[in-house]
Amino acid sequence: MAQIEQLLKYQKEDSKLLKMERETANSEERKNLAQATNFLNKASERLDVLEARAKELTAVLDKLNRKFNELAEILKDFEHIDDLIDEGADVSFYKKNVAQITEKLRTVKNETAQLTKAIKDADEEYKNLKKKTIATQKQHAEFTEAYKKYRDGRQSEINAVKAELDKLRKDVDPEVMRRYEVKRSERIFPILCPVKNGRCGICGNELSLAGKDKIASGLPVECDNCHRFLYKE
């Protein structure tokens, strides 16, 4: 039972540290910093995407403009269609070609207008996001300083608890302490809990016969379900 008693003392002190860690993590200073950091990370990725998108759209627009100019040049060949007709050329053939080229020009013109709008929208989003990013970068520096000030203000209190934990640790078996710390890192807390009517006091899982025999002898048992250390009060 000596090990259990020492672990319970350690856990009681550790609960103070856990409370302070949670208070620090849930502080307004920490939340503000986390939100600003998250925004800047996402904004950086989005700005890269917008920049790449703008280059891609501009390249397509240049291609469309070249295509439009080529079609316009071809259409010039039909400026003297009246002379061709006078010479006995097939009127229907030339009319058909002119209609096809004109339709292609109309399509290219529509695509160009849509593409120009897409480029304008991307550029507008980029400028707005860039402006907000610059403002958030300034806030981020302020939030970082505020969080550091808050954290430093609690450091002496945290150090005192850690010093006490270091003292208590010396009286606990190293392997048991290692297992305790693994469970602590897995967000399992409390790590030790009493058995109630042959069941885990936290999750209610019933101990096996071997577990009941072991715990009756005063040794800790690990719950098969929630993996906490169980002990007999």
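Along each chain, residues carry numbers from 1 onward, in the same order as the chain's sequence is written. In keeping with the predicted nature of the model, local features appear solely for residues at pLDDT of at least 70, side-chain atom pairs appear and are counted solely at 80 or more, and the whole-chain, interface and lining totals rest on all residues. As a rule here, side-chain values cover all heavy atoms of the structure and leave hydrogens and water aside.

Q: Before we move on, could you go through the overall build of the protein and cite the residues and values that matter?
A: Only DSSP runs of H or I with at least four residues qualify as helices, and only runs of E with at least two residues qualify as strands; both kinds are numbered from the N terminus onward. Helix and strand counts for the protein come out as 6 helices and 4 strands. The order of α-helices and β-strands along the protein, N terminus first, is α-α-α-α-α-β-β-α-β-β. Expressed as lengths along the three principal axes of its C-alpha atoms, the size of the protein is roughly 120 × 50 × 25 Å. Exposure classes here rest on a 1.4 Å probe applied to the protein chains alone. A residue is buried below 20% of its type maximum, exposed above 50%, and partly exposed in between. Across the 233 residues in the protein, those meeting the buried criterion constitute 29%. Any pair of residues with heavy atoms lying within 4.5 Å of one another is described as a contacting pair. Long-range contacts, defined here as pairs at least 24 residues apart, represent 71% of the contacts in the protein between residues at least 6 apart. Here the open area of atoms and residues is found with the Shrake-Rupley method and a 1.4 Å probe, where only the protein chains shown may cover a residue. Total accessible area on the protein is roughly 15900 Å²; 51% of this is exposed by carbon and sulfur atoms. Here the positive residues are Lys and Arg and the negative ones are Asp and Glu; neither His nor the chain ends is included. The atoms used to mark charge sites are NZ of Lys, CZ of Arg, CG of Asp and CD of Glu. Charge centroids of the protein, computed over 46 positive and 43 negative side chains, lie 7 Å from each other.

Q: So what's going on with the packing of aromatic side chains? Which residues, and what values?
A: Given two aromatic rings, their pairing is described by the distance between the two centres and the angle made by the two planes. Geometry of aromatic contacts follows a simple scheme: Phe, Tyr and Trp rings, the Trp one being its six-membered ring, pair when their centres are within 6.5 Å, and the pair is stacked under 30 degrees between planes, edge-to-face over 60, tilted otherwise. Scanning all chains against the criterion turns up 1 aromatic pair. Between Tyr 10 and Tyr 180 the ring centres are 5.2 Å apart and the planes differ by 90°, which places this aromatic pair in the edge-to-face class. One end of the pair, Tyr 10, is in helix α1 (residues 2–25); the other, Tyr 180, is in helix α5 (residues 174–185), and 170 residues separate them in sequence. Just as Tyr 10 is buried, Tyr 180 falls in that class too. The criterion is that NZ of a Lys, or CZ of an Arg, lies within 6 Å of the ring centre and within 35 degrees of the ring normal, and then a charge sits over that ring. Looking at Arg 30, its charged tip hangs above the ring of Tyr 147, at a distance of 5.9 Å from the centre.

Q: Talk me through the pattern of salt bridges; I want residue IDs and the actual numbers.
A: Two side chains of opposite charge can pair, provided their charged atoms sit close to one another. Take a side-chain nitrogen of Lys or Arg and a carboxyl oxygen of Asp or Glu: if they are within 4 Å of each other, that pair is a salt bridge. Applying the stated criterion across every chain, the model contains 17 salt bridges. Among the salt bridges present, the one from Glu 181 reaches Arg 169, with a minimum N-O distance of 2.3 Å. Note that Glu 181 is positioned in helix α5 and Arg 169 in helix α4 (residues 91–169), a separation of 12 residues in sequence. For Arg 169, a relative accessible area of 29% corresponds to the partly exposed category. Between Arg 179 and Glu 222 there is a salt bridge, with its nearest N and O atoms 3.0 Å apart. One end of the pair, Arg 179, is in helix α5; the other, Glu 222, is in strand β3 (residues 221–222), with 43 residues separating them in the sequence. What makes Arg 179 partly exposed here is its relative accessible area of 31%.

Q: Hey, could you go over unusual backbone geometry for me, with residue numbers and the actual values?
A: Leaving glycine out, the prevailing phi sign among residues is negative, and the prevailing peptide bond configuration is trans. Between Phe 189 and the following residue, Pro 190, the backbone shows a cis peptide bond with an omega angle of 0°. By the element assignment, Pro 190 lies in the loop between α5 and β1 (192–196).

Q: Hey, could you go over the environment of Glu 222 for me, with residue numbers and the actual values?
A: Using a relative accessible area of 30% as the deciding quantity, one classes Glu 222 as partly exposed. Along the chain, Glu 222 and Arg 178 lie 44 residues apart, while their C-alpha atoms are 14 Å from each other. Each residue touching Glu 222, except ones within four places of it in the same chain, is listed here: Arg 179, Lys 183, His 227, Arg 228 and Phe 229. For Glu 222, the side chain forms a polar contact with the side chain of Arg 179, separated by 3.0 Å. Under this definition, polar contacts are N or O atom pairs within 3.5 Å; protein pairs additionally need one hydrogen-donor-capable and one acceptor-capable atom, and for neighbouring residues in sequence, both atoms have to be side-chain atoms.

Q: Summarise the sheet that holds β1; cite the residues concerned and give the values.
A: When DSSP locates at least two bridges between a pair of strands, those strands are taken to pair. The mixed open sheet is built from 4 strands, whose spatial order is β2-β1-β4-β3. One side of each edge strand has no neighbouring strand; the edge strands of this open sheet are β2 (199–200) and β3. The sheet contact formed by β3 and strand β4 (residues 229–231) spans 2 bridges and is antiparallel. Opposite Glu 222, over in β4, you have Phe 229 as the bridge partner. Axis definition: a line fitted to C-alpha atoms, over the contacting stretch in the case of helices. Angles run 0 to 180 degrees between N-to-C directions. Of the strands in this sheet, β1 and β4 are in contact with α1, which crosses β1 at around 125°.

Q: Please set out a positive patch on the surface residue by residue, giving values where relevant.
A: Residues Lys 63, Arg 66, Lys 67 and Lys 104 make up a contiguous surface patch of positive charge. In terms of residue count, the dominant contributor to the positive patch is helix α2 (residues 28–76) (3 residues). Locating Lys 67 in the fold gives a position in helix α2. Patch membership is restricted to residues that have no salt bridge and whose relative accessible area is over 30%. Joining uses 9 Å for like charges and 5 Å for the nonpolar side chains Val, Leu, Ile, Met, Phe, Trp and Tyr.

Q: Requested: an account of the layout of surface pockets, with residues and values cited.
A: Put simply, the largest pocket is a space of about 160 Å³. Buriedness of a pocket was judged along seven lines, with at least five required to meet protein on both sides within 12 Å; pockets are open sets of points on a 1 Å grid over the protein atoms alone, cavities are sets where a 1.4 Å probe fits but cannot get out, and lining residues have an atom within 4 Å of a point. Every residue lining the largest pocket is listed: Leu 18, Glu 21, Arg 22, Ala 25, Arg 184, Arg 187, Ile 188 and Phe 189. When residues of the lining of the largest pocket are assigned to their parent elements, the largest contribution, 4 residues, is made by α1. Note on residue categories: nonpolar means Ala, Val, Leu, Ile, Met, Phe, Trp, Tyr, Cys or Pro, charged means Asp, Glu, Lys or Arg, and polar means any other residue, Gly included. Residue composition of the lining of the largest pocket, grouped by class: 4 nonpolar, no polar and 4 charged. Grid points are joined across faces, edges and corners, and a volume is the space filled by probe spheres set on the points.

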